[in-house]
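Below are the chains, spelled out letter by letter.
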Amino acid sequence: GGFVFFPDIEANLNLAGPAIMVFAGAGGDLYEQSFKRISTYNPFLESHYGGPFNTKYYDFYGGLSGGIRNISYRLQAGYKPQKDYPLFIQSTVDIRQFDVVVDDVNIFYFGGDLSAKFFDKLQTSLNFLGQLGEARHYSKVFGLVPFSLGFNAAYLALEDKLRLKADLNFASGSFY
């Protein structure tokens with residue numbers, strides 16, 4: 001469908017050494033929504049999937065980041081308009097399956113990461129993401145997860161030859 005240009009820019013302002021930095025940026029991308037990609041989000045799709053299509057999005061964001069000693073953080077909020085975003089509508093024929101429809105969607109989000117390193121061997125991180133979406137033609141953004149929380153830990157053992165990792169993730173239910 002032709003060439004599309006997307007912004008990819010970020011500006012940082014150092015307020016207090018490495019402890020407090022303010023940032024703002026803009027980005028975007030175009031990606032193909034194939035059956036494989038969409039069924040990764042929702043494996044319960046109707047068998048008459050209409051074929052691949054492209055979703056175009058922009059991302060305008062800002063926030064704070066920084067770190068002190070072995071602790072670093074990043075807090076970010078943004079606005080992400082998307083064209084041809086896939087929505088999952090529950091099927092009227094079989095309520096265990098979903099139809100895929102596309103709509104233009106505006107997503108407002110806030111999120112953050114907090115990382116810490118302990119004992120030079122243990123690296124931990126905590127991340128969260130909250131999202132609010134508004135669709136042009138539908139009452140809700142069906143399939144968008146409103147809130148997710150994750151905890152990750154990695155430990156180096158046996159003279160740094162063995163790495164043990166653990167992830168714990170929580171997510172709230174999406175609209176359907």
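To be clear, the structure that these remarks concern was listed above.
Residues numbered from 1 in each chain as written. Predicted model: local features only at pLDDT ≥ 70, side-chain atom pairs only at ≥ 80, totals over all residues. Heavy atoms only, no water.

Peer 1: Please give an account of the pattern of salt bridges that cites residues and values.
Peer 2: Evaluated as defined, the whole model comprises 4 salt bridges. Residue R74 is joined to E10 by a salt bridge in which the shortest nitrogen-to-oxygen separation is 3.7 Å. In this pair, R74 is assigned in strand 4 (residues 71–90) and E10 in strand 1 (residues 9–16), connecting sequence segments 64 residues apart. A relative accessible area of 26% places R74 in the partly exposed class. (Salt bridge = Lys/Arg side-chain N within 4 Å of Asp/Glu carboxyl O. Helix = DSSP H or I, 4+ residues; strand = E, 2+ residues; numbered from the N terminus. Buried < 20%, exposed > 50% of the residue type's maximum accessible area, 1.4 Å probe, protein only.)

Peer 1: Break down the nonpolar core for me, citing the residues and quoting the values.
Peer 2: Proteins that are soluble and globular tend to have nonpolar side chains buried together. Counting residues in hydrophobic clusters, the biggest one holds 8 residues: Y85, L87, V105, I107, A135, V141, F142 and L144. Elements represented by at least two residues in this core include exactly strand 4 and strand 5 (98–118). The contact partners of L144, leaving out residues within four places of it in the chain, are Y85, I107, Q131, L132, G133, S174 and F175. Core analysis: the second largest hydrophobic core is formed by 5 residues, I38, L45, F53 and F98 among them. (Core = buried A, V, L, I, M, F, W, Y, C linked by side-chain atoms within 4.5 Å. Contact = heavy atoms within 4.5 Å.)

Peer 1: Tell me about the sheet that holds strand 6 (residues 122–135), and please be specific about residues and values.
Peer 2: The sheet built from 8 strands is open, its strands ordered 1-2-3-4-5-6-7-8 with antiparallel pairing. Only two strands of the sheet have a single neighbouring strand rather than two, namely strand 1 and strand 8 (162–171). Going from strand to strand, the sheet's axes swing by 20 degrees on average, the running direction of each strand aside. Where strand 4 lies against strand 5, 18 bridges are found, and the strand directions are antiparallel. Bridged to A77 within strand 5 is F110. (Pairing = 2+ DSSP bridges. Axes fitted to C-alpha atoms, helices over the stretch in contact; angles between N-to-C directions.)

Peer 1: Which residues make up the layout of surface pockets, and what are the values?
Peer 2: In this structure, the largest pocket occupies an estimated 510 Å³ of space. Taken together, 22 residues make up the lining of the largest pocket; nearest its centre are Y41, Y85, G143, L144 and V145. Contributions of two or more residues to the lining of the largest pocket are made by strand 2 (20–33), strand 4, strand 5 and strand 6. The dominant element in the lining of the largest pocket, judged by the number of residues it contributes, is strand 4, at 5 residues. (1 Å grid on protein atoms, 1.4 Å probe; cavity = no way out; pocket = protein on both sides within 12 Å on 5 of 7 lines; lining within 4 Å. Points joined across faces, edges and corners; volume = space filled by probe spheres on them.)

Peer 1: With reference to specific residues and values, describe the packing of aromatic side chains.
Peer 2: The final tally for this structure, using the stated rule, is 8 aromatic pairs. Both rings, one in F23 and one in Y61, keep their centres 6.2 Å apart while their planes meet at 55 degrees; by these two values the pair is tilted. Pair noted here: F23 is in strand 2 and Y61 is in strand 3 (residues 53–68), with a separation of 38 residues, a long-range link. Residue F23 shares its accessibility class with Y61, and that shared class is buried. On the basis of an interplanar angle of 80 degrees and a centroid distance of 6.3 Å, the ring pair of Y138 and F142 is categorised as edge-to-face. Look at Y138 and you get partly exposed, because its relative accessible area is 32%. We note R74 situated over the ring of F23; from NZ or CZ to the ring centre the distance is 3.8 Å. Taking the ring centre of Y109 as reference, the NZ or CZ of K80 above it sits at 5.6 Å. (Phe/Tyr/Trp six-rings, centres within 6.5 Å; stacked < 30°, edge-to-face > 60°. Lys NZ or Arg CZ within 6 Å of the ring centre and 35° of its normal.)

Peer 1: Please provide a residue-by-residue account of a nonpolar patch on the surface, values included.
Peer 2: Nonpolar side chains collect at one region of the surface, where I71, F110, L114, L126, F147, L149, F151, L168 and F170 lie side by side and expose about 800 Å² of accessible area between them. Among the elements of the structure, strand 5, strand 7 (147–157) and strand 8 are those that each provide at least two residues to the nonpolar patch. A per-element tally of the nonpolar patch places strand 7 first, with 3 residues. (Patch = residues over 30% accessible without salt bridge, like charges linked within 9 Å, V, L, I, M, F, W, Y side chains within 5 Å. Areas by Shrake-Rupley, 256 points an atom, 1.4 Å probe, with all protein chains shown as cover.)

Structural measurements only, silent on function.
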